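# Examining the three-dimensional arrangement
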Amino acid sequence: MNFAQRRQDLLEKLPAGSVALIHSGEEQIRNRDVEYPFRADSDFIYLTGFTEPDSVLVLVRTEVLADTDYEQPHHQAWLFCRPKDPEQETWQGKRLGVEDAPAQLNIDQAWSIDDLDEIAPQFLTHAKQVYFSFGHLAEWSGRMADWLSELKTQVRKGVTVPTSLNDLDTVLHEQRLFKSPQEIEVMRQAAQISVAGHLAAMRATRPGAYEYQIQSAIEHEFRLAGSPRVAFNTIAAAGENACILHYTENQTQLQDGDLILLDAGAEWQGYAGDISHTYPINGRFSEPQKHLYNLVLKAQQAAINAVQPGQPYNLMHQASAEVITIGLIELEILHGELDELLEKEAFKRFFMHGTGHWLGLDVHDVGRYKINGEWRSFEPGMVVTVEPGLYIPKGLKDIETQWQGIGIRIEDDVLVTENGHEILTQGALRLPRTVEEIEQWMQTNRI
Ligand code: GLY
Ligand code: MN
Ligand code: MN
């Protein structure tokens with residue numbers, strides 16, 4: 001990845017005289033001296049490739065020199081990071097350190113993070129605008145107030161103080177939304193590892209197993225492939241549990257005759273895979289399960305077809321909602337006229353989430369969905385998930401019992417290309433997705 005180019009591209013979008021600060025984040029204590037696993041902030045990873053906690057990247061867009069339109073050619077990238085400390089490193093692991101950071105990370109200069117409060121006012125006095133993430137306003141505001149107050153006390157000595165604080169998210173997240181060819185290649189790999197995990201889960205599925213065992217099969221495969229962690233908490237939801245959208249307890253025993261819904265993705269080089277797959281625990285769909293599954297699959301295909309450059313983002317949701325509504329009328333689960341039911345969004349009772357989201361370093365990746373109140377259009381380089389679902393819990397008095405206790409979601413990761421799209425989760429490795437493919441696969445491959 002060309003991190004220096006990313007920093008350069010970002011700085012070109014900021015006005016002259018800007019300083020941007022990006023924090024990697026801090027370790028969070030779980031209890032006493034035990035920390036939660038640390039994962040650096042995605043903005044910070046995107047701009048540095050560096051993953052240690054307690055680091056701050058400072059980007060400086062140089063001022064246009066007075067009376068000329070000549071700009072100093074070289075913007076500055078500085079890093080404040082943890083200094084080398086043999087004793088700490090014996091306990092907690094190696095640190096890159098201040099001395100090696102410039103060469104390793106291709107930045108201009110590095111200091112100890114312990115010096116940030118002393119040095120920050122010195123570079124802020126040369127800035128007109130300061131940029132940082134308003135998503136992390138609470139973390140920055142106290143510090144920023146101290147630095148600016150200190151500068152304010154020195155104005156009689158001729159010191160100048162920045163006059164505006166700005167949200168970096170708007171600029172940086174728009175940049176992150178468009179994936180470079182290298183990012184796309186890494187996302188293909190994240191998708192492939194995620195597919196491998198889902199295949200391992202299918203192999204381990206049988207009546208009597210527990211949801212956590214299926215979770216373990218999938219995550220084992222991710223880790224075998226070198227993925228350091230899941231991209232989000234794995235959902236392994238058998239039977240009616242699939243109707244709980246963010247179910248992560250994963251404790252229930254798998255029953256013969258039920259479906260299982262798995263929503264899981266590997267993180268690979270920082271990037272997320274995100275796949276949902278639903279299939280019968282005993283390898284064979286019942287008739288009602290088959291009807292509902294085919295409907296969701298048809299909705300997903302309609303939605304994927306809508307992912308084309310130039311098409312508005314919300315078209316994929318409209319496409320899947322329409323297919324789902326038509327199907328629910330045919331199955332006599334919804335009653336009424338199509339137009340009226342669509343107008344009332346009657347499908348929301350059984351399909352209550354959107355059809356997808358941006359995907360990248362974060363599973364629910366950054367980037368705006370609307371611009372000036374209008375849904376934006378797909379453009380090449382964007383990656384989106386396509387994941388319609390149907391969820392019919394037990395106990396609904398007005399719904400036939402044959403449909404109850406069934407939750408289905410089918411999710412793939414789709415790249416917008418110049419001419420259409422590429423389904424990243426359907427590379428060399430792919431999941432069986434039709435009823436016939438799934439039943440055949442389960443017969444042949446199950447442990
Ligand atoms: N796995 C989270 C989602 O699909 O949005
Ligand atoms: Mn998703
Ligand atoms: Mn998902």
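Up top is the structure these notes are about.
Now for a quick tour of the structure. (Residues numbered from 1 in each chain as written. Chains lettered and ligands numbered in written order. Predicted model: local features only at pLDDT ≥ 70, side-chain atom pairs only at ≥ 80, totals over all residues. Heavy atoms only, no water.)

### Here's the deal with the coordination of the manganese ion (ligand 2)
So the rule is basically this: Distances up to 2.8 Å from the metal define which N, O and S atoms are donors, and 3.2 Å serves for Na, K and Ca; water is absent from the atom set, so sites may look incomplete. Four donors are marked tetrahedral only if all angles between them lie between 85 and 135 degrees, whereas four are marked square planar and six octahedral if opposite donors are more than 155 degrees apart and the other angles lie between 65 and 115; the remainder are marked irregular. Only runs of H or I of at least four residues qualify as helices and only runs of E of at least two qualify as strands under DSSP, and these elements are numbered from the N terminus.
Protein ligation of the manganese ion (ligand 2) involves Asp-274 (OD), His-357 (NE2), Glu-387 (OE) and Glu-411 (OE), the donor distances falling in the range 2.0 to 2.2 Å. Considering all 6 donor atoms around the manganese ion (ligand 2), the spread of angles at the metal, 49 to 155°, places the coordination shape in the irregular class. Of note, the donors binding the manganese ion (ligand 2) are all from one chain and are spaced D-x82-H-x29-E-x23-E. The metal-metal distance between the manganese ion (ligand 2) and the manganese ion (ligand 3) is 3.2 Å, with Asp-274 serving as a donor to both. Of this pair, His-357 sits in the loop between helix H12 (338-343) and strand E14 (370-371) while Glu-387 sits in the loop between strand E16 (383-386) and strand E17 (389-392), and the two are 30 residues apart along the sequence.

### A short note on unusual backbone geometry
What you tend to see is this: most non-glycine residues have negative phi, and most peptide bonds are trans. Defined as follows: Relative accessible area decides the class of each residue, using a 1.4 Å probe on protein chains only: under 20% of the type maximum gives buried, over 50% gives exposed, and in between gives partly exposed.
With a phi close to 55°, Asp-54 is a non-glycine residue in the positive phi region. Along the chain, Asp-54 turns up in the loop between helix H2 (42-48) and strand E4 (56-61). The exposure class of Asp-54 is partly exposed, given its relative accessible area of 26%. The phi dihedral of Asn-250 is positive, around 55°, even though this residue is not glycine. Turning to its location among the elements, Asn-250 is positioned in the loop between strand E9 (235-238) and strand E10 (259-264). Judged by relative accessible area, which is 0%, Asn-250 ranks as buried.

### Re the site of ligand 1
Heads up, the rule is: Being near a molecule or strand, for a residue, means having at least one of its heavy atoms within 4 Å of it. Any pair of N or O atoms that falls within 3.5 Å is considered a polar contact. Within protein, one atom must be able to donate a hydrogen and the other to accept it, and sequence-neighbouring residues count only if both atoms are side-chain atoms. Method for areas: the Shrake-Rupley scheme with a 1.4 Å probe, in which residue coverage is limited to the protein chains shown. Throughout, the ten residues Ala, Val, Leu, Ile, Met, Phe, Trp, Tyr, Cys and Pro are labelled nonpolar, Asp, Glu, Lys and Arg are labelled charged, and all others, Gly among them, are labelled polar.
For ligand 1, the full set of nearby residues is Phe-232, Asp-263, Asp-274, His-357, His-364, Glu-387 and Glu-411. Here His-357 contributes a side-chain N or O atom positioned 3.0 Å from an oxygen atom of ligand 1. Taking Glu-411, its side chain carries an N or O atom lying 3.2 Å from an oxygen atom of ligand 1. For ligand 1, the accessible surface in isolation is 200 Å², of which the surrounding protein chains cover 86%. Class assignment for the residues of the shell around ligand 1 results in 1 nonpolar, 2 polar and 4 charged.

### Re the coordination of the manganese ion (ligand 3)
Protein coordination at the manganese ion (ligand 3) comes from Asp-263 (OD), Asp-263 (OD), Asp-274 (OD) and Glu-411 (OE), with a distance range of 2.0 to 2.6 Å. The site at the manganese ion (ligand 3) holds 6 donor atoms, and with the angles between them running 55 to 170°, its shape is irregular. Mapped onto the sequence, the residues coordinating the manganese ion (ligand 3) show the spacing D-x10-D-x136-E.

### Some points on the pattern of salt bridges
Should the charged atoms of two oppositely charged side chains come close, the side chains can pair. What counts is decided by this rule: Salt bridge, as applied in this entry: a Lys or Arg side-chain nitrogen positioned within 4 Å of an Asp or Glu carboxyl oxygen.
In the structure shown here, the tally under the stated rule is 21 salt bridges. One salt bridge connects Arg-229 with Glu-267, and the closest N-O pair in it is separated by 2.5 Å. Residue Arg-229 is found in the loop between helix H9 (211-224) and E9, and its partner Glu-267 is found in strand E11 (residues 267-268); the two are separated by 38 residues along the sequence. Here Arg-229 falls in the partly exposed class, since its relative accessible area comes to 31%. Salt bridges sharing common partners tie together Asp-43, Arg-176, Lys-179, Asp-362 and Asp-365.

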